[in-house]
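Understanding the architecture of this molecule
Below, each chain spelled out in residue letters.
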Amino acid sequence: MTDAADPKPISHRRRFKLPRWARRLTAAAAVGAVAISAGVAGYVASVDLPPDPVPPQASVLYYRDGRTVLTRIGATDRTDVGLSQVPVPVQRAFLAAEDRGFYDHVGVSTRGVLRALWTNIFHDSGQGASTITQQYVRNAYLTQDRTVSRKAKEFALALKVEHRFSKDEILQRYLNTIYFGRGAYGIQAAAHAYFGTTVDRLTGSQGAVLAALIKDPTRGDPAVDAEWAQTRWRWILRAMTEQGWLPAGEADSAKYPAVAKESVTANSIGGAAGLIADRVEDELVRAGISRQQVRTGGLRITTTIDFTAQGAASDAMAAALRGQPKELRTALVAVDPASGGVRAYYGGDRGRGYFDDALAARPPASTIKPVVLAAAEERGIGFQSLYNGSSPRLFPSRQGVPLYNQRNLQCPVCPLDQAMVHSLNTPFYALAEQIGPDTIRRLAHRLGVPEKYGKQPTMVDVAGDPAPGRTRPDIALGRYPVAPADLATVYATLADGGRRRDRHFVESAINGKGAVLHLYAGKPQRVLSGAVAADVQTVLSKVVAKDGVVAGVDAAAKTGSQQWGDTTDSSDAWTAGWAPGLAAVTWIGRDKPGPIREKNGTAINGDGMPYRIWKSFLATALQGQPARAVNRPSHVGRLETTDLRSLGAAIKAPVGAVFQGPQQGDQVDKSKATGSWQQRVDRLTKVLDSYAATVPEFSVAVTERRTGRRFDYHGKRQQESASIIKAELLAALLLKAQDDGRKLTKAERGRVTKMIRASDNDAATKVFDAVGGADGLRAAGERLGLTGTDPDESWGLTRTTANDQLKVLAAASDPDGVLNEDSRELMLDLMSSVNADQKWGVSAAALPGERAALKNGWVSRTAEDNRWIINSMGRITGTDTDTAVAVLSHGHTDKQAGIDVVEHVSALTRSYLGW
């Protein structure tokens, strides 16, 4: 008998019985699953599998009128092969890259499809997660639309394909329909395009190269992006190892196969239209349309290109370049300010797949000055404000390096609009210091300069510059590269009163069934006030009035010339501007930066050939259109005069007066170079003796490299080197790298670039340590033939001679010396670029058109009552000269006095020796 208070035993089954609501939910889920399965089955049954894939059809590009054919993009290179012709290792490379479970699934990855549907619906990411069967279905039967309905149809067709064909048949069809880039469709065409062979001769490693192309047929081409292609290739080999298809370790030890250089085939699009086709395709890819669909889908693509404007661009380029040096490269981009549509485009005439000069970032020089002016007006500084436009000027941010105006023009009391017309550097540099370079950079980005080119931020110093990652007032000089196409966007934004629109090439893309795949729907964005834009236009219209009006239209423009070294040549020449209805940018330069000249030897500057092309283009492109006047000025801001305080009381000049200042080579008087060489040497020695009696101690040495003649005045006298020792430090590091059988690392190149170009002392100290300090520098000096140089533990106090500095220059110049060709080229390139703004030192002996590769050094010595050491050494080259000069001096009361002595001594040597 049990006690009534004891609880009754509870059965095991009763303890785990589900609540009624849970049982109902489970039942509902089961019914739902059955219903969904039935629905899916019904949908799959309702989708018909086409009897045969649609053959590839060319897409047609039309001009903006939608009727006139611009060009065609079409598939022509395709030869189908049987799977038995494809080596098994090659098949496995594709399986590893795209679908390792291909032979195990029923054609679809349910998990992948659900994930793709989720992201497409809720995140609009266009995620794929497709099997090989799904990819084949998409390429053979469907469009590339990123929609739920297309994904569902792909799912259904994949199941039906798996039912109709064997796995091997599917893989064979897949390999014959893939687009591999270079106009190659199918694996047979790809084997020929990339390896010059047939598919049956491909190795597994070569197959992995082709398999890597599926993800991105353009970027995957090693001729386009070798790093990306090889990274993807290595990943595929590792995936093959994981599948047991490659021996362990082979993926990491294998060498990337040799791939044929990309060539343009006979059916490729030539001329300027080729690069337009490339840009159109890139834009459609960004809009979600695959390259394969563009090239095989028979699309009707209406571009923004205007028939008249494009013809005007081609004609203007052809006329300007006829008979000119073949190394000249050119670009022209014209944008409709009211829409952002590209109306004309010329990045070269070699056709599809070639380098596009319109997208290559180059220093824009003075064409960036309108952005500086606009930034100033946003801060209340009017365009008639007065600035000190004298030349040269010293600015705190330039660390003692003087800034010159082009041709050393002087405008002591200079309105900003006058400074713009004459493209003066010093007023705009002062303006940049006043408003802050970051202010200008931010506005440039708003107006149309991208924030990055690849991974590199724009409008900032790069490695090797004085302030990596930061923007200096040099932005006002156009030192930070910008692509012509992006500069066209900047000027189109200014032309449309400060409203920015996306630059684009495509108005619409329609498939063969009439469905719209893409329709441009961009909207303008206000990035600058219309009043400021009107003022900028007023100022730039004065540039056109000076440089030459455009027939039949009112126009505004700015020219720009990027100086080549310290010569009177340019490496990049620009004109950028607009007339109502069209903004255009022209650029002329070279593939590798260097001096640009016309066939008659005339240096090409912005106001020359680029301006002629720009004028001719605009006049023709806008011919017959209604005349439209430019906007009237708004006179934003105050009359600023603060910068005039830098003039000092002694300088007086009328407002806006522009006149010529001293020119390069002014101190040289070659009429004194008469008689024999010995007679010249005797006269020069007497002159230097007389001069030495009036100034602190100096020494000079000269080598005329063409004749081997030498001259020195106290050339063996030891003096402290200061920063000219950095050239020897560079040579020492190059020797060390040569001994190790290598080139300088990226970090080392950045370090020596800063050391030479920016005279960075921290970088020099690191190089000094890297070569082994004083002992290492001494050993390098012995190999260079230096006999009068005593390295110091503090490298700047190293004692050297003028004669030894000539030997350093010889090492950088002589093919038979200890430095190899690459080392010599790097050394001279760095020494040439150092003096772009430093027209002092031995370059005072250079004449117009000549180039100086040099290193200057200066320091104030506390041990000598703060007196200055001023040294300069360099090589001056030109049509008739190749001479090395070194001048060492010390004991000067101030820096400028020392510079005057060094320059005078340099000029005297040329005046009397006549080199």
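The notes below deal with the structure included here. On a predicted model such as this, the values are computed, not experimentally measured, just so you know. (Residues numbered from 1 in each chain as written. Predicted model: local features only at pLDDT ≥ 70, side-chain atom pairs only at ≥ 80, totals over all residues. Heavy atoms only, no water.)

This next bit is on the overall build of the protein chain. A tally of regular secondary structure across the protein chain gives 29 helices and 26 strands. Evaluated residue by residue, the protein chain yields a buried proportion of 54% over its 915 residues. Contacts in the protein chain between residues at least 24 apart in sequence constitute 70% of all its contacts with a sequence separation of at least 6. Element-wise, carbon and sulfur atoms account for 51% of the exposed surface of the protein chain, whose accessible area totals about 39900 Å². (Helix = DSSP H or I, 4+ residues; strand = E, 2+ residues; numbered from the N terminus. Buried < 20%, exposed > 50% of the residue type's maximum accessible area, 1.4 Å probe, protein only. Contact = heavy atoms within 4.5 Å. Areas by Shrake-Rupley, 256 points an atom, 1.4 Å probe, with all protein chains shown as cover.)

Below, the discussion takes up helix α14 (residues 307–321). In this model α14 runs 21 Å from its N-terminal to its C-terminal C-alpha over 15 residues, within 8% of the 21 Å that 1.5 Å per residue would give. Among the residues of α14, those classed as buried are Ala309, Gln310, Ala312, Ala313, Ala316, Met317 and Ala320. Projected down its long axis, α14 carries its buried residues within an arc of 160 degrees, all on one side. What points out from α14, more than 90 degrees from its buried face, is the exposed set Phe307 and Asp315. (Expected span 1.5 Å × (residues − 1). Arc of directions from axis to C-beta.)

Another point: the pattern of salt bridges. A full pass over the atoms with the stated rule returns 52 salt bridges. Ionic pairing is found between Arg352 and Asp278, a salt bridge with its closest N-O pair at 2.6 Å. Here Arg352 is found in the loop between β7 (342–346) and α15 (369–378), whereas its partner Asp278 is found in helix α12 (residues 271–286), with 74 residues between them in sequence. In this structure Asp278 comes out as buried when scored by relative accessible area, which is 12%. The salt bridge partner of Arg398 is Asp474, with a shortest N-O separation of 3.7 Å. Placement of the pair is Arg398 in the loop between β8 (386–389) and β9 (409–415) and Asp474 in the loop between β11 (456–457) and α19 (484–495), with a sequence separation of 76 residues. Residue Arg398 is classed as buried on the basis of its relative accessible area, which comes to 8%. A cluster of three or more residues bridged by salt bridges with shared partners is formed by Asp278, Arg279, Glu281, Asp282, Arg291, Arg295, Arg352 and Asp356. (Salt bridge = Lys/Arg side-chain N within 4 Å of Asp/Glu carboxyl O.)

Moving on: the nonpolar core. Ranked by size, the top nonpolar core spans 86 residues in total, and within it Tyr345, Leu431 and Leu528 carry the most contacts. Counting residues per element, this core draws most heavily on α19, which supplies eight residues. Dropping the residues within four chain positions of it, Tyr345 is found in contact with Ala272, Leu275, Ile276, Arg279, Ile305, Gln310, Leu332, Val333, Asp356, Ala358, Leu359 and Phe505. In this structure, Val86, Ala189, Tyr194 and Ala251 belong to the second largest nonpolar core, which totals 54 residues. (Core = buried A, V, L, I, M, F, W, Y, C linked by side-chain atoms within 4.5 Å.)

It is worth spelling out the state of the cysteines at this point. Under the criterion given, the structure shown has one disulfide. Note that Cys411 is cross-linked by a disulfide to Cys414, the S-S spacing being 2.4 Å. Judged by the sign of its S-S torsion, about 95 degrees, the cystine formed by Cys411 and Cys414 is right-handed. Residues Cys411 and Cys414 agree in their burial class; the two are buried. (Disulfide = S-S within 2.5 Å.)

Before going further, it helps to examine the packing of aromatic side chains. Tallied over the entire structure, the rule returns 11 aromatic pairs. An aromatic cluster of at least three residues, connected via ring pairs, comprises Tyr691, Phe698 and Tyr713. The aromatic ring of Phe165 is capped on one face by Arg173, whose charged end is 4.1 Å from the ring centroid. For the cation-ring pair, Arg398 lies above Tyr429, with the distance from its terminal atom to the ring centre recorded as 5.4 Å. (Phe/Tyr/Trp six-rings, centres within 6.5 Å; stacked < 30°, edge-to-face > 60°. Lys NZ or Arg CZ within 6 Å of the ring centre and 35° of its normal.)

As a further point, take the pairing of β9. For β9, the tally of buried residues reaches seven of seven residues, placing the bulk of the element in the interior. Bridge count between β8 and β9: three bridges; the pairing is antiparallel. Looking at β9, one finds that Leu386 is bridged to Pro415. With two bridges connecting them, β9 and strand β19 (residues 659–660) associate as antiparallel partners. Paired with Leu409 across the strands is Gln660, a residue of β19. (Pairing = 2+ DSSP bridges.)

One open sheet holds the five strands; their spatial order is β7-β6-β18-β17-β16, and the pairing between them is antiparallel. Each edge of the open sheet is held by one strand with a lone partner, namely β7 and β16 (556–563). Strand-to-strand twist across the sheet, computed as the mean angle between neighbouring axes with direction ignored, equals 10 degrees. Where strand β17 (residues 570–579) and strand β18 (residues 582–590) come together, seven bridges link them in antiparallel fashion. Residue pairing for β18: Ala576 is matched across the bridge by Val585. (Axes fitted to C-alpha atoms, helices over the stretch in contact; angles between N-to-C directions.)

On to the environment of Leu730, then. Looking at where Leu730 falls in the secondary structure, it is placed in helix α23 (residues 725–739). For Leu730 and Phe768, which are 38 residues apart along the polypeptide, the C-alpha to C-alpha distance reads 9.1 Å. Setting aside residues no more than four positions away along its own chain, Leu730 makes contact with Val752, Met755, Ile756, Met827 and Leu830.

Looking now at the environment of Thr197. You can see Thr197 is positioned in the loop between α8 (187–195) and α9 (204–212). A relative accessible area of 17% places Thr197 in the buried class. If we ignore the near neighbours within four places in the chain, the residues touching Thr197 are Ala191, His192 and Leu202.

Here the focus is the environment of Ala555. Among the structural elements, Ala555 can be located in the loop between α20 (530–547) and β16. Taking the relative accessible area as the measure of exposure, Ala555 reaches 7% and is therefore buried. In sequence terms Ala555 and Lys542 are 13 residues apart; their C-alpha atoms lie 9.3 Å from each other.

Right, let's get into the packing of α23 against helix α25 (residues 761–770). At a closest axis distance of 10 Å, the pairing of α23 and α25 adopts a crossing angle of 40 degrees. Taken together, the axis directions place α23 and α25 in an arrangement best described as oblique. The crossing of α23 and α25 is left-handed. In this structure, α23 contributes Lys726, Leu729, Leu733 and Lys736 to the contact, and α25 contributes Asn761, Ala764, Val767, Phe768 and Ala770. A per-class count over the contact of α23 with α25 returns six nonpolar, one polar and two charged. (Parallel < 35°, antiparallel > 145°, perpendicular 65-115°, else oblique. Left-handed = near helix turned anticlockwise from the far one by under 90°. Nonpolar A, V, L, I, M, F, W, Y, C, P; charged D, E, K, R; others polar.)

The next subject is the packing of helix α3 (residues 88–98) against α9. Any two packed helices are characterised by how steeply their axes cross, that is the angle between the axes, and by the distance between the axes. Across the interface, α3 lies against α9 with an axial gap of 8 Å and an inter-helix angle of 35 degrees. Remark: the crossing between α3 and α9 carries right-handed chirality. Taking contact as the criterion, the partners of Pro89, Val90, Ala93, Phe94, Ala97 and Glu98 in α3 are, on α9, Gly204, Gly207, Ala208, Leu210 and Ala211.

Glancing now at the sheet that holds β8. Across the sheet, three strands lie side by side as β8-β9-β19; this open sheet has antiparallel pairing. The open sheet has two free edges, formed respectively by β8 and β19, since each of these has just one partner strand.

Here Thr789 shows up in the loop between α26 (773–784) and β23 (799–800). Here Thr800 takes part through its side chain, which lies 2.9 Å from a polar atom of the side chain of Thr789. A polar contact of 2.6 Å, which involves the side chain of Thr789, links it to the side chain of Asp804. Not counting chain neighbours up to four residues away, the residues in contact with Thr789 comprise Gln718, Glu728, Thr798, Arg799, Thr800 and Asp804. (Polar contact = N/O pair within 3.5 Å; in protein donor to acceptor, adjacent residues only side chain to side chain.)

This part takes up α12. With 16 residues, α12 should reach 22 Å at 1.5 Å per residue; the first-to-last C-alpha distance of 24 Å fits that figure. Burial analysis of α12 places 12 of its 16 residues in the buried class, the great majority of the element.

Our next topic: the side chain of Thr489. Turning to its location among the elements, Thr489 is positioned in helix α19. Side-chain polar atoms of Thr489 contact the side chain of Arg503, separated by 2.7 Å. Once residues within four sequence positions are removed from consideration, Thr489 is found in contact with Leu447, Gly448, Arg501 and Arg503.

Moving on: unusual backbone geometry. In this model, Ser391 is joined to Pro392 through a cis peptide bond whose omega is 0 degrees. Residue placement: Pro392 occurs in the loop between β8 and β9. Positive phi is not limited to glycine here, since Ser423 has a value of about 55 degrees. Relative to the assigned elements, Ser423 resides in the loop between α16 (416–421) and α17 (425–435). Judged by its relative accessible area of 8%, Ser423 is buried.

Along strand β20 (residues 698–704), seven of the seven residues are buried, which leaves the element largely enclosed by surrounding structure. In this sheet, strand β26 (residues 882–892) lies alongside β20 in antiparallel orientation, the contact comprising seven bridges. In the strand pairing of β26, Phe698 is matched with Ser889. In terms of strand pairing, β20 meets strand β21 (residues 709–713) through five bridges, oriented antiparallel. By the bridge assignment for β21, Val702 is matched with Phe711. With antiparallel pairing between neighbouring strands as the criterion, β20 and β21 make up a hairpin whose turn holds four residues, including Gly708 at a positive phi of roughly 80 degrees.

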